[in-house]
Amino acid sequence: MITLLLAASLSLAFSLFMTPVFIRIFKRFAWGQFINVDTPESHYVKRGTPTMGGIVIIIATLFGYFVSAMFTQEPPTVSGLLVLFLMTGLGVVGFIDDFLKVRKERSLGLGPIAKIVGQVVVGVVFALLAIQFPNARGETPASTSISFIRDLPFDFLSWGAVIGVIVFVIWIGLIVISTSNAVNLTDGLDGLAPGSSILAIGSFIIIGFWQFNQSCSNVNIDPDVLYKCYDVRDPLDLAVVAATVVGALIGFLWWNTNPAQIFLGDTGSLALGGALAALAILAQTELLLVFIGGIFVLVAGQVAVQLTYFKLTKGKRIWRASPLHHHFEMKGWAEVTIVVRFWIIAGLFVAAAVGSFYLEWLSS
């Protein structure tokens, strides 16, 4: 618990007090935001606002996690390092995209295929590493079973070692790509993606801490509830990482709220999607992620439907714009109103997910 509180406090302090420094540095390098031509006109005033703010969040998270581990003498776990790897790896992909945007002075950086390839490479490495490093009980950071609130009966290795691992890697890759891109699509208004991510990632503080208290390896667990214990590797450290990311986001949100003085950029949105995906995979709550990240699913789903309908009808639209938050801007809603209402929706999704998680334990 001390490590968790210290890590979150350090990352929050770093992002809160160091973000202005990075803002000045980014302005000096002319790392400013470029605006899409089909973006609402109200966004044109944001042109030139420093972007790549995800760099601050990643550094703050790494700083909080490793410095707290040094002070409390709690060594980092494989699971915690894997979350940081996926978060940082996708952040690098996003940074390349952002850097190309500012260098070419246009709103398009990496092409869609190149960006997906980068996400796939990082996701595949993460998946392969996640089924290595067994502990004394034979538990690897990730399970090869599909999970909802716990592992479901289906195990990819039932198809054989080679085929099972290949399909498992594909499955993890799909989770990583869909989650990171969903967060990326939601990053369109000041504070929207960071605030929503605080709620979604914050749920894993509760989930990880509960899994630790009810862990099958916990010698102090009540024998009467031993039959419904959790076989999750390093659940407490997953909670620590989640708290560290949340701390970094809270400090960053101070400067990202409307009117934003710095943007996440793809560096931040892809990194946050990576952290969210990694936490869900390693906490064995993969399918529960649909509810934990419900606001991201909603936004990404709207984009998919709008794009499909647009192509099938050769130019017709269901909504005035996509992603969904731009539709409400076109309808005349104030940006702050949209952001707060989306936060409320995100919170309701998270509450339903955490409630379902606890209800499953009660009813087991």
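Fair warning: this is a prediction, and the values are worked out from it, not measured in the lab.

Chemist: So what's going on with the pairing of strand β2 (residues 151-155)? Residues and values would help.
Modeler: Both strand β1 (residues 145-147) and β2 contribute to a ladder of two bridges, which runs antiparallel. Counted as the bridge partner of S145 is D155 from β2. Counting the residues that bridge the hairpin from β1 to β2 gives three residues.

Chemist: Outline helix α12 (residues 335-363), supporting the account with residue identities and numerical values.
Modeler: Residues lying three or four places apart along an α-helix face the same way, a consequence of the helix completing one turn every 3.6 residues. Over its 29 residues, α12 extends 42 Å from the first C-alpha to the last, a length consistent with the 42 Å expected when each residue adds 1.5 Å. For α12, the complete set of buried residues consists of E335, I338, V339, F342, A346, V350, A353, V354, F357 and W361. Looking at the packing, one finds that the buried side of α12 touches α6 (192-213), α9 (289-292), α10 (294-312) and α11 (324-330).

Chemist: Account for unusual backbone geometry, with residues named and values stated.
Modeler: For the peptide bond that leads from N258 to P259, omega is -5°, which places it in the cis range. Here S322 and P323 are connected by a cis peptide whose omega angle stands at -5°. Relative to the helices and strands, P323 resides in the loop between α10 and α11. The phi dihedral of M52 is positive, around 65°, even though this residue is not glycine. Relative to the helices and strands, M52 is located in the loop between α1 (2-28) and α2 (54-72). Given the relative accessible area of 0%, M52 is considered buried. Although it is not a glycine, F133 sits at a positive phi angle of roughly 60°. Structurally, the position occupied by F133 is in the loop between α4 (112-130) and β1.

Chemist: How would you explain the packing of aromatic side chains if you had to name every residue and give the values?
Modeler: Tallied over the entire structure, the rule returns 14 aromatic pairs. With centroids separated by 5.2 Å and ring planes inclined at 65°, the aromatic side chains of F154 and W159 adopt a geometry described as edge-to-face. Residue classification places F154 among the partly exposed residues on the basis of a relative accessible area of 31%. A relative accessible area of 46% means that W159 is categorised as partly exposed.

Chemist: Mind laying out α10, listing which residues take part and the relevant values?
Modeler: Under the 1.5 Å per step criterion, the end-to-end length of α10 is 27 Å for 19 residues, consistent within 8% with the ideal 27 Å. Buried residues of α10: G294, I295, F296, V299, Q302, V303 and Q306, and no others. Packing partners of the buried residues in α10 comprise α5 (161-186), α6, α8 (265-282), α9, α11 and α12. After α10 finishes, the residue K314 shows a positive phi value of roughly 55°.

What counts as what
Residues numbered from 1 in each chain as written. Predicted model: local features only at pLDDT ≥ 70, side-chain atom pairs only at ≥ 80, totals over all residues. Heavy atoms only, no water. Pairing = 2+ DSSP bridges. Helix = DSSP H or I, 4+ residues; strand = E, 2+ residues; numbered from the N terminus. Expected span 1.5 Å × (residues − 1). Buried < 20%, exposed > 50% of the residue type's maximum accessible area, 1.4 Å probe, protein only. Contact = heavy atoms within 4.5 Å. Phe/Tyr/Trp six-rings, centres within 6.5 Å; stacked < 30°, edge-to-face > 60°.

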